[in-house]
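Report on the structure
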Amino acid sequence: MARTRPPPAVLHTPGFAHYALSWSPFHTTRLALASSANFGLVGNGRLHIVSVNPGPNGTHHTALDKYYETQDGLFDIAWSEIHENQLVTASGDGSIRLWDVMLNDLPIRAWQEHTREVFSVDWSNIKKDTFASSSWDGLVKLWLPERPRSVLTMQAHHSCVYQALFSPYQPDVLATCSTDGTVRIFDLRVKSFAPHPGGGTNTNFATPLNAASLTIPASNTEVLSIDWNKYRPFVLASAGVDKMAKVWDCRMIKMGEVGQVGGQCETQLLGHEYAIRKIQWSPHRPDLLATASYDMTCRVWTTAPNIGPQLLYIHDPHTEFVVACGWSLYEDGLLASCSWDGRLNVFRP
Amino acid sequence: MSSSSESRPATINPLEQFTTYPFDTDQTYQQGLASILAGNALSDNSSLDERDELLRRIKIFYFNKTTGNSITIDEVKAYEQSLNQQDLELESLSPPSTGPVDTTTTVPTPSQTNEDTKILSFAEIKELIEAGRLDEIPNNKIIPDSLNDETPSASLVPARKKPWEIVSENQGAIPQDVEV
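What counts and what doesn't
- Residues numbered from 1 in each chain as written.
- Chains lettered and ligands numbered in written order.
- Predicted model: local features only at pLDDT ≥ 70, side-chain atom pairs only at ≥ 80, totals over all residues.
- Heavy atoms only, no water.
- Helix = DSSP H or I, 4+ residues; strand = E, 2+ residues; numbered from the N terminus.
- Rg over C-alpha atoms; globule rule 2.2 N^0.38 Å.
- Buried < 20%, exposed > 50% of the residue type's maximum accessible area, 1.4 Å probe, protein only.
- Contact = heavy atoms within 4.5 Å.
- Areas by Shrake-Rupley, 256 points an atom, 1.4 Å probe, with all protein chains shown as cover.
- Phe/Tyr/Trp six-rings, centres within 6.5 Å; stacked < 30°, edge-to-face > 60°.
- Salt bridge = Lys/Arg side-chain N within 4 Å of Asp/Glu carboxyl O.
- Pairing = 2+ DSSP bridges.
- Patch = residues over 30% accessible without salt bridge, like charges linked within 9 Å, V, L, I, M, F, W, Y side chains within 5 Å.
- pLDDT = per-residue confidence, 0-100.
- Axes fitted to C-alpha atoms, helices over the stretch in contact; angles between N-to-C directions.
- Buried area = accessible area lost by both parts, 1.4 Å probe.
- Nonpolar A, V, L, I, M, F, W, Y, C, P; charged D, E, K, R; others polar.

Examining the overall build of chain A
A count of helices and strands for chain A gives 0 helices and 29 strands. The C-alpha atoms of chain A give 19 Å as radius of gyration, which agrees with the globular expectation for 349 residues (20 Å, within 12%). Taking the principal axes of the C-alpha coordinates as reference, chain A spans close to 60 × 50 × 35 Å. Across the 349 residues in chain A, those meeting the buried criterion constitute 69%.

Thoughts on the overall build of chain B
Scanning chain B from terminus to terminus reveals 6 helices and 1 strand. Traced from its N-terminal end to its C-terminal end, chain B shows the element sequence α-α-α-α-β-α-α. Looking at chain B as a whole, 38% of its 180 residues qualify as buried. Within chain B, contacts between residues separated by at least 24 positions form 70% of all contacts whose residues are at least 6 apart in sequence. When the accessible surface of chain B is split by element, carbon and sulfur atoms take 51% of a total near 11200 Å².

Some thoughts on the packing of aromatic side chains
All names here are of chain A. Across all of its chains, the model carries 24 aromatic pairs over all chains by this definition. Ring geometry for Trp 228 and Phe 234: centres 5.9 Å apart, planes at 80°, overall edge-to-face. Under the relative-accessibility criterion, Trp 228 is labelled buried at 2%. The exposure class of Phe 234 is buried, given its relative accessible area of 1%.

Here we look at the pattern of salt bridges
Residue and element names in this part refer to chain A. Enumeration according to the criterion identifies 19 salt bridges over all chains in this entry. Measuring nitrogen to oxygen at the nearest pair gives 3.7 Å for the salt bridge that ties Arg 149 to Glu 113. Here Glu 113 lies in the loop between β9 (109-112) and β10 (118-123) and Arg 149 lies in the loop between β12 (139-143) and β13 (152-155), a separation of 36 residues in the sequence. For Arg 149, a relative accessible area of 43% gives the class partly exposed. With a relative accessible area of 4%, Glu 113 lands in the buried category. Residue Glu 117 pairs with Arg 116 through a salt bridge whose shortest N-O separation is 3.6 Å.

Some remarks on the sheet that holds strand β17 (residues 214-217) of chain A
Residues and elements named next belong to chain A. If you walk across this open sheet you meet the 5 strands as β14-β15-β16-β17-β21, and the pairing is mixed. Each edge of the sheet is formed by a strand with only one pairing partner; in this case those strands are β14 (161-166) and β21 (260-261). Pairing geometry for β14 and strand β15 (residues 173-178), over 5 bridges, is antiparallel. Each residue of the ladder has a partner; that of Val 161, found in β15, is Ser 178.

Remarks on a nonpolar patch on the surface
A grouping of Leu 41 of chain A together with Phe 122, Ile 129 and Leu 134 of chain B is seen on the molecular surface, where their side chains present a nonpolar patch of about 300 Å² in accessible area. What makes Leu 134 of chain B partly exposed here is its relative accessible area of 42%.

Side note on the confidence of the model for chain B
Residue and element names in this part refer to chain B. With 64% of its residues at a pLDDT of 70 or more, chain B has an overall mean of 71. Between the elements of chain B, mean pLDDT differs from a low of 74, seen in strand β1 (residues 104-106), to a high of 87, seen in helix α5 (residues 122-130). Across residues 1-10 the pLDDT falls below 50, and counting only partners more than four positions away or on other chains, this stretch makes 8 contacts in the model. Note on residues 85-101: pLDDT is under 50 here. Beyond four places in sequence and across chains, it has 36 contacts.

Comments concerning unusual backbone geometry
Glycine aside, residues mostly have negative phi angles, and peptide bonds mostly take the trans form. All names here are of chain A. Unlike most non-glycine residues, Lys 243 shows phi in positive territory, near 70°. Inspection of the secondary structure puts Lys 243 in the loop between β19 (235-240) and β20 (245-249). Unlike most non-glycine residues, Met 296 shows phi in positive territory, near 75°. Within the secondary structure layout, Met 296 lies in the loop between β24 (288-293) and β25 (298-302).

Description of the environment of Thr 25 of chain B
Tracing the backbone shows Thr 25 of chain B in the loop between α1 (14-19) and α2 (27-38). C-alpha of Thr 25 of chain B to C-alpha of Leu 147 of chain B: the two residues are 122 residues apart in sequence and 43 Å apart in space.

As for the sheet that holds strand β29 (residues 343-347) of chain A
Pairing is mixed across the open sheet formed by 5 strands, whose spatial order is β27(A)-β28(A)-β29(A)-β1(A)-β1(B). Looking at the sheet topology across the chains shown, the edges are occupied by β27 (322-327) of chain A together with β1 of chain B. Across this sheet, the average inter-strand angle for adjacent strands is 15°, counted without regard to direction.

Considering the interface of chain B and chain A
Contacts between the two partners involve 62 residues from chain B, matched on the other side by 69 residues from chain A. Regarding the contact of chain B and chain A, the summed buried area is about 5800 Å², with carbon and sulfur atoms giving 58% of it. Along the contact surface separating chain B from chain A lie 3 salt bridges. Where Glu 69 of chain A meets Lys 141 of chain B, a salt bridge forms, and the shortest distance between an N and an O atom there is 3.0 Å. Elements supplying a minimum of two residues to the side of chain B that touches chain A: α2, α3 (48-67), β1, α5 and α6 (163-170) of chain B. In terms of residues, the side of chain B that touches chain A owes the most to one element, α6 of chain B, which gives 4 residues. Looking at the side of chain B that touches chain A residue by residue, the class counts come to 30 nonpolar, 21 polar and 11 charged. Inspection of the sheet shows strand β1 (residues 9-12) of chain A paired to β1 of chain B by 3 bridges, in the parallel sense. Bridge assignment links His 12 of chain A to a residue of β1 of chain B, and that residue is Thr 106 of chain B.

Re the pairing of strand β8 (residues 95-100) of chain A
Within β8 of chain A, 6 of the 6 residues are buried, which leaves it mostly tucked inside the rest of the structure. Burial along β8 of chain A is two-sided: the face carrying Ser 95, Arg 97 and Trp 99 of chain A and the face carrying Ile 96, Leu 98 and Asp 100 of chain A are both buried.

Structural data, given as C-alpha cells:
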C-alpha cells in the first residue's frame, strides 16, 4: 500500500453537510449522498445522485447527476435491491421517502410513522422487497415499498437506535445498535409479545422491548454504527463514542431462543481520537474494515489473524467530521468518504 | 466561491455571456467534457433529457468556474426560454482525451445567487438559532410536501450478485456455523 496515490476525486456541495453515502447495487459508478443544510441543525435536506467514473492513471472523477430537495435534513439512504432507479431516504422529521431517479423534484412515496429522527435505512439483500428503518424513538420498522404503512414495528431499544442492518446471510435476522451501548441481534420470526395494534407510532418507553436473540454489551457508551462481515456469518463490527472499532464473533447464538447475552470480542482497533460515526466491512475481503470518525479522518484496518489487527491507512484531507464511508460494491478497493465539510472524497486506500 | 461574484464584469449579462460562450472551441472545456463522457457519465439508459440536463450542468459549472460567475441552471433555463430558443445544441462527442481534469467538482447551488450567498459556520448558525433569527438561516425554505404525479420508471435491470455472493457460489456455500 506504499505506492503513490492519485489525489481523491472530490465532489463539493457547498452549504450542505453530508450524513451518509450509498453505492448503487446496480450501477458500478453511481452513488447517492444524503445531506443536510446548516449541519443538520435546521433547514433543508438534499439527496445527491453522483457518478464516480474512472479516469486515466487510476484517477477517478465525480459528477453530480441530479439532486432532490427535502424539507428536513437527510441522515441516511438505501438503494432498492429490486429496482435500479429507486432509493429511500431517512429524514430528521421522522419521515421516510422513496425516490425514482428517473423523475425530478418529488418522491414517489412518503411515510410518516417514526416520531423522532430516522437515523438509518437498510434494504434487505435477501428479501429484496423489504427495507428497515431505525429511529431515535427506539423503534425499528420494516417496510414494503408498495404498502402505505409499515409491516412490522419492533421496540428494539429504549433509546435511540442509530442503525438497523439485515444480515447478509439469514433472511430474517437483523442487528441494531443504540445509545444504550448494546448491539442486538433479532430473529424477525420470533415475536416475544404482541405487536402494537396497527403497528403505529409509539414513544411509550414503558412498552416492553421486543426480545432479542442476542444482546451484546458492546460498549459503556453509545454505539453509533455496526456492520455484518460479508464472508463470516455472525461476525459483526461495532464502533461508537468509545473511539474503538470492535469485532464480535457471535457464532454461539442459538436462533429461535431469545434473551441470550454475549458475543466474543475478538479484536479491538484503537487509534481514532474521537467517536467513530460509521464502520463498514469490505464487500470484497473478509478482513478489511473502514471507519469514519469525528476526528476528521477515515481509516482502513485489517483484522487478518496472521498479521494481527493493524491500521493500514489514514485518509485525512477532510476539514470537518467524517460522518460516513462506503466501499464501492463492484470496484474492489475503492472507498468513498463524506463529511460535514460538504466534500465527498473517492480514493483507493 | 463567495468572492467570485466580485470579479464579475457588471456590464455584461452573464446569461447572455453563457449562451454565446465558445464551448465548441474551448480546448480546456472540450478535454474535460471528453474525459467525463469517456468515463461513462451518461449510462446507456440515460434519456435524451437527462443527457441534455447533464451537459447543461457541465457547461454551467465550467462557465462559472472559468468566468467567475455564479449562474444557476434554473436561470439559464428561464433565459433560454425567454429567448425562445431551440434546445441547447448537444456538444459533439470528441474522442476521449487523457488531458488533465480538475478532480474537484463543485456543485453550483441555487442559494449562491440568492441573498443567502454566504455559507455560515456551525457557530454562526448556532448563534442565529439561539437568537431566534431563523429567517436569516440559509437553505431553510418550504419544500412542497407532495408526491410525484408522474409514473415511476420501470425496472429493466436484473438484480446483480454482490461480490460475496459470487465468491460463495464459486467456492460452495460459506459454512453455516449457526443453525438457522
